Amino acid sequence: MASSAGISLKLSPLSTSFKQNQVPGICNVNSVRFPSLGMQPGSMRLRVSCAAKPETLEKVCGIVRKQLALPEDSSVNGESKFAALGADSLDTVEIVMGLEEEFGISVEEDSAQHIATVQDAADLIEKLVEQKSA
(Lines give C-alpha, C1' and ligand atoms only; values in the text may rest on other atoms or scores of the structure.)
Protein backbone atom coordinates (compact mmCIF):
# COMPACT_ATOMS: atom_id res chain seq x y z
CA MET A 1 0.00 0.00 0.00
CA ALA A 2 1.32 3.43 -0.95
CA SER A 3 0.19 6.53 0.89
CA SER A 4 0.81 10.18 0.15
CA ALA A 5 -0.79 13.32 1.56
CA GLY A 6 -3.77 11.42 2.95
CA ILE A 7 -4.58 9.58 -0.29
CA SER A 8 -4.00 5.86 -0.30
CA LEU A 9 -3.72 3.62 -3.32
CA LYS A 10 -3.99 -0.13 -3.00
CA LEU A 11 -2.94 -2.37 -5.89
CA SER A 12 -3.74 -6.03 -5.84
CA PRO A 13 -3.53 -8.69 -8.55
CA LEU A 14 -7.21 -8.78 -9.50
CA SER A 15 -8.37 -5.33 -8.55
CA THR A 16 -7.23 -1.77 -8.39
CA SER A 17 -8.92 0.37 -5.79
CA PHE A 18 -8.80 3.78 -4.26
CA LYS A 19 -9.82 3.83 -0.62
CA GLN A 20 -12.18 6.60 0.31
CA ASN A 21 -10.31 9.55 1.71
CA GLN A 22 -10.77 13.24 1.97
CA VAL A 23 -7.96 15.68 1.45
CA PRO A 24 -9.09 19.16 2.51
CA GLY A 25 -9.35 21.46 -0.49
CA ILE A 26 -8.36 18.76 -2.98
CA CYS A 27 -10.78 15.88 -3.47
CA ASN A 28 -13.03 13.18 -2.15
CA VAL A 29 -12.21 9.86 -3.80
CA ASN A 30 -14.64 6.96 -3.63
CA SER A 31 -13.77 3.35 -4.21
CA VAL A 32 -13.13 2.29 -7.81
CA ARG A 33 -12.59 -1.35 -8.76
CA PHE A 34 -11.56 -3.04 -12.01
CA PRO A 35 -11.99 -6.76 -11.26
CA SER A 36 -12.09 -7.71 -14.94
CA LEU A 37 -8.45 -6.71 -15.48
CA GLY A 38 -7.29 -10.17 -14.37
CA MET A 39 -3.70 -9.01 -13.89
CA GLN A 40 -0.87 -11.21 -12.69
CA PRO A 41 1.15 -9.97 -9.70
CA GLY A 42 3.96 -7.74 -10.92
CA SER A 43 2.55 -7.42 -14.44
CA MET A 44 0.97 -4.00 -14.04
CA ARG A 45 2.47 -1.31 -16.28
CA LEU A 46 1.53 2.31 -16.05
CA ARG A 47 2.24 4.71 -18.87
CA VAL A 48 1.67 8.39 -18.42
CA SER A 49 1.66 10.36 -21.62
CA CYS A 50 1.17 14.00 -22.41
CA ALA A 51 -0.55 14.26 -25.74
CA ALA A 52 1.13 16.80 -27.98
CA LYS A 53 -0.93 19.41 -29.78
CA PRO A 54 -2.46 18.13 -33.02
CA GLU A 55 -0.49 20.67 -35.07
CA THR A 56 2.78 19.49 -33.52
CA LEU A 57 1.91 15.87 -34.27
CA GLU A 58 1.00 16.81 -37.85
CA LYS A 59 4.34 18.59 -38.36
CA VAL A 60 6.23 15.62 -36.94
CA CYS A 61 4.35 13.25 -39.27
CA GLY A 62 5.31 15.47 -42.22
CA ILE A 63 8.97 15.53 -41.22
CA VAL A 64 9.01 11.74 -40.78
CA ARG A 65 7.42 11.27 -44.22
CA LYS A 66 9.97 13.61 -45.78
CA GLN A 67 13.03 12.09 -44.05
CA LEU A 68 11.96 8.54 -44.92
CA ALA A 69 10.83 9.51 -48.44
CA LEU A 70 7.38 8.06 -47.79
CA PRO A 71 4.49 8.80 -50.16
CA GLU A 72 2.29 11.71 -49.06
CA ASP A 73 -0.69 9.37 -48.70
CA SER A 74 1.20 6.88 -46.50
CA SER A 75 -0.29 6.25 -43.08
CA VAL A 76 1.86 7.98 -40.48
CA ASN A 77 0.25 8.79 -37.13
CA GLY A 78 1.15 9.08 -33.46
CA GLU A 79 1.25 5.32 -32.99
CA SER A 80 3.59 4.78 -35.95
CA LYS A 81 6.89 3.25 -34.87
CA PHE A 82 9.96 4.49 -36.71
CA ALA A 83 11.23 0.93 -37.16
CA ALA A 84 7.89 -0.17 -38.67
CA LEU A 85 8.14 2.74 -41.13
CA GLY A 86 11.51 1.39 -42.26
CA ALA A 87 13.75 3.77 -40.31
CA ASP A 88 17.18 2.56 -39.24
CA SER A 89 19.35 4.31 -36.63
CA LEU A 90 20.77 6.77 -39.18
CA ASP A 91 17.26 7.65 -40.36
CA THR A 92 16.22 8.26 -36.76
CA VAL A 93 19.18 10.63 -36.23
CA GLU A 94 18.19 12.50 -39.40
CA ILE A 95 14.57 12.71 -38.23
CA VAL A 96 15.69 14.16 -34.89
CA MET A 97 17.92 16.69 -36.70
CA GLY A 98 14.96 17.69 -38.88
CA LEU A 99 12.77 18.13 -35.80
CA GLU A 100 15.44 20.24 -34.09
CA GLU A 101 15.66 22.50 -37.13
CA GLU A 102 11.89 22.81 -37.61
CA PHE A 103 11.10 23.57 -33.97
CA GLY A 104 14.28 25.46 -33.01
CA ILE A 105 15.13 23.05 -30.20
CA SER A 106 18.02 20.84 -29.19
CA VAL A 107 17.36 17.19 -28.33
CA GLU A 108 19.84 15.57 -25.95
CA GLU A 109 21.20 12.19 -27.02
CA ASP A 110 19.72 10.36 -24.02
CA SER A 111 16.26 11.80 -24.79
CA ALA A 112 16.57 10.91 -28.48
CA GLN A 113 17.29 7.27 -27.58
CA HIS A 114 13.85 6.99 -25.95
CA ILE A 115 11.94 8.03 -29.08
CA ALA A 116 10.30 4.99 -30.65
CA THR A 117 7.07 6.40 -32.06
CA VAL A 118 5.93 9.58 -33.77
CA GLN A 119 3.92 10.40 -30.62
CA ASP A 120 7.07 10.04 -28.48
CA ALA A 121 8.79 12.57 -30.72
CA ALA A 122 5.84 15.00 -30.66
CA ASP A 123 5.54 14.77 -26.86
CA LEU A 124 9.27 15.41 -26.43
CA ILE A 125 9.08 18.42 -28.74
CA GLU A 126 6.18 19.89 -26.76
CA LYS A 127 8.19 19.47 -23.56
CA LEU A 128 11.35 21.04 -25.01
CA VAL A 129 9.48 23.96 -26.64
CA GLU A 130 7.74 24.63 -23.32
CA GLN A 131 11.05 24.54 -21.43
CA LYS A 132 12.63 26.85 -24.00
CA SER A 133 9.87 29.46 -23.68
CA ALA A 134 9.84 29.34 -19.85
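Because the structure is predicted, anything quoted here is derived from the model rather than measured.

Focus: the side chain of S80
Okay, so step 1: Along the polypeptide, S80 turns up in the loop between α1 (54-67) and α2 (89-103).
Okay, so step 2: One polar contact links the side chain of S80 to the main-chain amide nitrogen of N77, over a distance of 2.8 Å.

Details of unusual backbone geometry
Trans is the common state for peptide bonds, and a negative phi is the common state for residues other than glycine.
Okay, so step 1: Notably, A69 is not glycine yet its phi reads approximately 55°, a positive angle.
Okay, so step 2: Tracing the chain through its elements places A69 in the loop between α1 and α2.

Some remarks on a nonpolar patch on the surface
Okay, so step 1: A cluster of nonpolar side chains, contributed by L90, V93 and M97, occupies part of the molecular surface with about 300 Å² of accessible area.
Okay, so step 2: By secondary structure assignment, the location of V93 is in helix α2.

Some remarks on the layout of surface pockets
Gaps left between atoms are located by rolling a probe of water-molecule size over the structure's atoms.
Okay, so step 1: Each pocket or cavity is described by its volume, and for the second largest pocket that value is around 150 Å³.
Okay, so step 2: Lining the second largest pocket are S89, T92, V93, V96, M97, E100, V107, E109, A112 and Q113.
Okay, so step 3: Where the lining of the second largest pocket is concerned, the elements lending two or more residues are α2 and α3 (109-112).
Okay, so step 4: Per-element accounting of the lining of the second largest pocket gives the leading share, six residues, to α2.
Okay, so step 5: Per-class residue counts for the lining of the second largest pocket are five nonpolar, three polar and two charged.

Regarding the packing of α1 against α2
Okay, so step 1: Closest axis-to-axis distance for the α1/α2 pair is 10 Å, and the angle between their directions is 135°. In terms of axis orientation, α1 runs oblique to α2. Our pair here, α1 against α2, has a crossing hand that is right-handed. Facing T56, K59, V60, I63, V64 and Q67 of α1, the residues of α2 in contact are E94, I95, G98, L99, E102 and F103.
Okay, so step 2: Classifying every residue of the contact of α1 with α2 gives six nonpolar, three polar and three charged.

Concerning the side chain of D123
Okay, so step 1: Take D123: it is sitting in helix α4 (residues 118-133).
Okay, so step 2: Among the polar contacts made by the side chain of D123, one reaches the main-chain amide nitrogen of A52 at a distance of 3.0 Å.

Let's talk about the nonpolar core
General note: in soluble globular proteins, nonpolar side chains tend to be found buried as a group.
Okay, so step 1: Counting residues in hydrophobic clusters, the biggest one holds 24 residues, and the most contacted among them are V60, V64, F82, L99, F103, V107 and V118.
Okay, so step 2: Secondary structure elements with two or more residues in this core: α1, α2 and α4.
Okay, so step 3: The leading source of residues in this core is α4, at six residues.
Okay, so step 4: Discounting residues that sit within four places of it in the chain, F82 has contacts with V64, A87, T92, I95, I115, A116, T117, V118 and A121.

Quick look at the pattern of salt bridges
Okay, so step 1: Scanning all chains against the criterion turns up one salt bridge.
Okay, so step 2: A salt bridge links K59 to E102; the shortest N-O distance between them is 3.9 Å. Here K59, found in helix α1, pairs with E102, found in helix α2; they are 43 residues apart in sequence, far enough to count as distant.
Okay, so step 3: A relative accessible area of 42% places K59 in the partly exposed class.
Okay, so step 4: Taking the relative accessible area as the measure of exposure, E102 reaches 44% and is therefore partly exposed.

Parameters at a glance
- Residues numbered from 1 in each chain as written.
- Predicted model: local features only at pLDDT ≥ 70, side-chain atom pairs only at ≥ 80, totals over all residues.
- Heavy atoms only, no water.
- Helix = DSSP H or I, 4+ residues; strand = E, 2+ residues; numbered from the N terminus.
- Polar contact = N/O pair within 3.5 Å; in protein donor to acceptor, adjacent residues only side chain to side chain.
- Patch = residues over 30% accessible without salt bridge, like charges linked within 9 Å, V, L, I, M, F, W, Y side chains within 5 Å.
- Areas by Shrake-Rupley, 256 points an atom, 1.4 Å probe, with all protein chains shown as cover.
- Salt bridge = Lys/Arg side-chain N within 4 Å of Asp/Glu carboxyl O.
- 1 Å grid on protein atoms, 1.4 Å probe; cavity = no way out; pocket = protein on both sides within 12 Å on 5 of 7 lines; lining within 4 Å.
- Points joined across faces, edges and corners; volume = space filled by probe spheres on them.
- Nonpolar A, V, L, I, M, F, W, Y, C, P; charged D, E, K, R; others polar.
- Axes fitted to C-alpha atoms, helices over the stretch in contact; angles between N-to-C directions.
- Parallel < 35°, antiparallel > 145°, perpendicular 65-115°, else oblique.
- Left-handed = near helix turned anticlockwise from the far one by under 90°.
- Contact = heavy atoms within 4.5 Å.
- Core = buried A, V, L, I, M, F, W, Y, C linked by side-chain atoms within 4.5 Å.
- Buried < 20%, exposed > 50% of the residue type's maximum accessible area, 1.4 Å probe, protein only.

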